[in-house]
Amino acid sequence: DQQVKQNSPSLSVQEGRISILNCDYTNSMFDYFLWYKKYPAEGPTFLISISSIKDKNEDGRFTVFLNKSAKHLSLHIVPSQPGDSAVYFCAVRGGTSYGKLTFGQGTILTVHP
Amino acid sequence: DSGVTQTPKHLITATGQRVTLRCSPRSGDLSVYWYQQSLDQGLQFLIHYYNGEERAKGNILERFSAQQFPDLHSELNLSSLELGDSALYFCASSLQGYTEAFFGQGTRLTVV
């Protein structure tokens, strides 16, 4: 039972363009949504989050959009840089499992110079 | 540097053995979480402790156990190890349950 899905295993983007990473969830009780970035052999690094009372949150080049009716979350990176190449995980929190983060399977982003 | 420290970074051990992974959370964080990442898999939640008490359990095998000590550091004990237990084990911490969690660098466990 996959509660969080990242349907694109990989994404390739040209430097300077926009990267859009998507995430779908099933449980409407989730109330906090996060994106993490992970390089090989390192721990995930927190990027940006959004609570269910908002539909958009920006932090520099990173913007997270939340569409509660569609149970859909997306991360926009503009402009994309080669250093953004990594695995991106979306994560959700809430419902009956206080504190626990449930992760998607990840999307490998490659930004070409 | 997330402020979460995990030791050891690498561990190689034989099947049937027992190992202990250690995690020191960020200063002030009360919650500690353990996750497992097997090859080509996502991050699987194992267990959550808050201020010394177990709060939630995920897909944690009975051969695995964890605890959080009064100084808030946590240990994950893995026993009767099998080849399939080879994975990256991550610890994360957060101030409370409703804030961002910050991850350590992980412990790479190889069972041979």
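Everything here concerns the structure above.
In this report, the structure presented in the accompanying data block is examined. The residue count restarts for each chain, going from 1 along the sequence in the order it is written. Starting at A for chains and at 1 for ligands, labels are handed out in the order in which the entities are written. The predicted nature of this model means local features are confined to residues of pLDDT at least 70 and side-chain atom pairs, given and counted, to a pLDDT of 80 or more, with totals for whole chains, interfaces and linings taken over all residues. Side-chain descriptors were evaluated using all non-hydrogen atoms of the structure, hydrogens and water having been removed beforehand.

Considerations on the overall build of chain B
Formally: Numbering of helices and strands runs from the N terminus; a helix is a DSSP stretch of H or I covering at least four residues, while a strand is a stretch of E covering at least two. We take the radius of gyration over the C-alpha atoms and set the globule estimate at 2.2 Å times the residue count to the 0.38 power. Remark: exposure states derive from per-residue accessible area (1.4 Å probe, protein chains only) relative to the maximum for the residue type, with buried under 20%, exposed over 50%, and partly exposed in between. Note on contacts: a residue pair is in contact if any heavy atoms of the two residues lie within 4.5 Å. Each accessible area is a Shrake-Rupley result for a 1.4 Å probe, and residues are judged covered by the shown protein chains and nothing else.
Across its full length, chain B carries zero helices and 11 strands. Helices and strands appear in chain B in the N-to-C order β-β-β-β-β-β-β-β-β-β-β. Against the 2.2 N^0.38 benchmark of 13 Å for 112 residues, chain B shows a C-alpha radius of gyration of 13 Å, consistent with a compact globule. Within chain B, the fraction of its 112 residues that count as buried is 50%. The contacts of chain B with a sequence gap of at least 6 include a subset with a gap of at least 24, amounting to 54%. Looking at chain B as shown, the accessible area adds up to about 5,400 Å², and 46% of this sits on carbon and sulfur atoms.

Brief notes about the sheet that holds strand S1 (residues 5-7) of chain B
As a general point, the strands of a sheet are linked pairwise by backbone hydrogen bonds and lie either parallel or antiparallel. Residue and element names in this part refer to chain B. The condition is simple: DSSP calls a pair of strands paired once it identifies at least 2 bridges connecting them. Axis definition: a line fitted to C-alpha atoms, over the contacting stretch in the case of helices. Angles run 0 to 180 degrees between N-to-C directions.
Read from one edge of the open sheet, four strands run S1-S3-S8-S7, paired in antiparallel fashion. Each end of this open sheet is capped by a strand with a single partner; those strands are S1 and strand S7 (64-68). When strand polarity is set aside, the average angle formed by the axes of neighbouring strands in this sheet is 15 degrees. Inspection of the sheet shows S1 paired to strand S3 (residues 19-24) by three bridges, in the antiparallel sense.

Structural notes on a nonpolar patch on the surface
For clarity, the cut-off: The patches described consist of residues with a relative accessible area above 30% and no salt bridge, like charges being joined within 9 Å and nonpolar side chains (Val, Leu, Ile, Met, Phe, Trp, Tyr) within 5 Å. The term salt bridge refers to a side-chain nitrogen of Lys or Arg lying within 4 Å of a carboxyl oxygen of Asp or Glu.
There is a patch of nonpolar side chains on the surface, built from Ile18, Ile20 and Val78 of chain A and spanning about 230 Å² of accessible area. On the secondary structure map, isoleucine 18 of chain A appears in the loop between strand S2 (10-14) and strand S3 (19-25).

Notes on the packing of aromatic side chains
Condition: Only the six-membered ring of Trp is used, alongside the rings of Phe and Tyr, when aromatic pairs are assigned; centres must lie within 6.5 Å, and planes under 30 degrees apart are stacked while those over 60 apart are edge-to-face, with the rest tilted.
Applying the stated criterion across every chain, the model contains 13 aromatic pairs over all chains. Between tyrosine 25 of chain A and phenylalanine 33 of chain A, the ring centres sit 4.8 Å apart and the planes meet at 40 degrees, which makes this aromatic pair tilted. Assessed through its relative accessible area of 6%, tyrosine 25 of chain A is described here as buried. When the centroid spacing of 5.4 Å and the interplanar angle of 85 degrees are considered together, the rings of phenylalanine 103 of chain A and tyrosine 35 of chain B count as edge-to-face. Note that phenylalanine 103 of chain A is positioned in strand S10 (residues 97-103) and tyrosine 35 of chain B in strand S4 (residues 31-37), a pairing that runs across two chains. For tyrosine 35 of chain B, a relative accessible area of 1% translates into the label buried. Chaining the aromatic ring pairs together yields one cluster made of Tyr36, Phe46, Phe89 and Phe103 of chain A together with Tyr35, Phe45, Phe90, Phe102 and Phe103 of chain B.

Side note on the pairing of strand S6 (residues 56-59) of chain A
All names here are of chain A. Summarising the sheet, S6 and strand S7 (residues 62-67) pair through four bridges and their orientation is antiparallel. What sits directly across from asparagine 57, in S7, is valine 64. Between S6 and S7, which pair antiparallel in sequence order, lie two residues; one of them, glycine 60, sits at a positive phi of approximately 65 degrees.

Section: the interface of chain B and chain A
Where interface size is given, it is often the accessible area lost as the parts come together that is meant. Operational definition: Defined in terms of a 1.4 Å probe, buried area is the accessible area two parts forfeit on being brought together, summed over both. Under the convention adopted here, Pro, Cys and the residues Ala, Val, Leu, Ile, Met, Phe, Trp and Tyr are nonpolar, Asp, Glu, Lys and Arg are charged, and Gly plus all remaining residues are polar.
Each partner contributes residues to the interface: chain B has 22 residues there, and chain A has 20 residues. For the pair chain B and chain A, the summed buried surface comes to about 1,800 Å²; carbon and sulfur atoms form 59% of the total. Along the contact surface separating chain B from chain A lie zero salt bridges. If you list the elements that add at least two residues to the side of chain B that touches chain A, you get S4, strand S5 (44-50), strand S9 (87-94) and strand S10 (102-103) of chain B. The residue inventory of the side of chain B that touches chain A, partitioned by class, reads 10 nonpolar, 10 polar and two charged.

A look at the pairing of S4 of chain B
All names here are of chain B. With seven of seven residues buried, S4 is to be regarded as a mostly interior element. Where S4 and S9 come together, seven bridges link them in antiparallel fashion. Across the sheet, the residue bridging to tyrosine 35 is phenylalanine 90, located in S9.

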